[in-house]
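Given next are the chains, with one letter for each unit.
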Amino acid sequence: MKLGYTIIYVADVIATIEFYEKAFSMTRRFIHESKLYAELETGDTVLAFAGLEAAEMNGLAILPNDPSGPAAAWEICFVTDDVNAAFTLAVEQGCTPVSKPDEKPWKQTVSYVRDLNGCLVEIASPIASHD
């Protein structure tokens, strides 16, 4: 067993993909012709977005993300060598800042933003390996 996909249900798949391209310098991998499903190039595990209608079509009851309320109890994390620059770009492109880059006791720099859907996104440096 391995993690293959993380799928986030959103109100507007295309707007979300375009937002992630600008705010996080991501590249689109695939957009379905229905515009209800899309994927980003993110490495081994696929980050995908599906329209709220897709959840209904699959018989799923979900609680939509709400940018005006508290963030849901999950996050996605993007790892970069330059957290400060990535955080600045994300905020300049419309992310809501949650916490500025901060070096943690375990020697990792971590920051948080919320995207246009209210999803919590961590922007962090790689964790140094411990020998």
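Small disclaimer: the values here were computed from a predicted structure and weren't measured. (Residues numbered from 1 in each chain as written. Predicted model: local features only at pLDDT ≥ 70, side-chain atom pairs only at ≥ 80, totals over all residues. Heavy atoms only, no water.)

A. Representation of the sheet that holds strand β5 (residues 76-79). Pairing in this open sheet of 4 strands is mixed, and the strands run β5-β8-β7-β6 from one edge to the other. In the strand order of this sheet, the two ends are held by β5 and β6 (96-103), each with one partner. On average, each strand axis in the sheet is inclined to that of its neighbour by 15°, with strand direction left out of account. Of the strand pairs in this sheet, strand β7 (residues 109-114) and strand β8 (residues 120-124) are connected by 5 bridges, and their pairing is antiparallel. Paired with S111 across the strands is I123, a residue of β8. (Pairing = 2+ DSSP bridges. Helix = DSSP H or I, 4+ residues; strand = E, 2+ residues; numbered from the N terminus. Axes fitted to C-alpha atoms, helices over the stretch in contact; angles between N-to-C directions.)

B. Region of the structure containing the packing of aromatic side chains. On inspection of all chains with the given rule, the structure shows 6 aromatic pairs. With a centroid separation of 6.2 Å and 75° between ring planes, the pair formed by Y20 and F78 is classed as edge-to-face. Within this pair, whereas Y20 is found in helix α1 (residues 13-23), its partner F78 is found in strand β5, the two being separated by 58 residues in sequence. The class of Y20 is buried, set by a relative accessible area of 0%. (Phe/Tyr/Trp six-rings, centres within 6.5 Å; stacked < 30°, edge-to-face > 60°. Buried < 20%, exposed > 50% of the residue type's maximum accessible area, 1.4 Å probe, protein only.)

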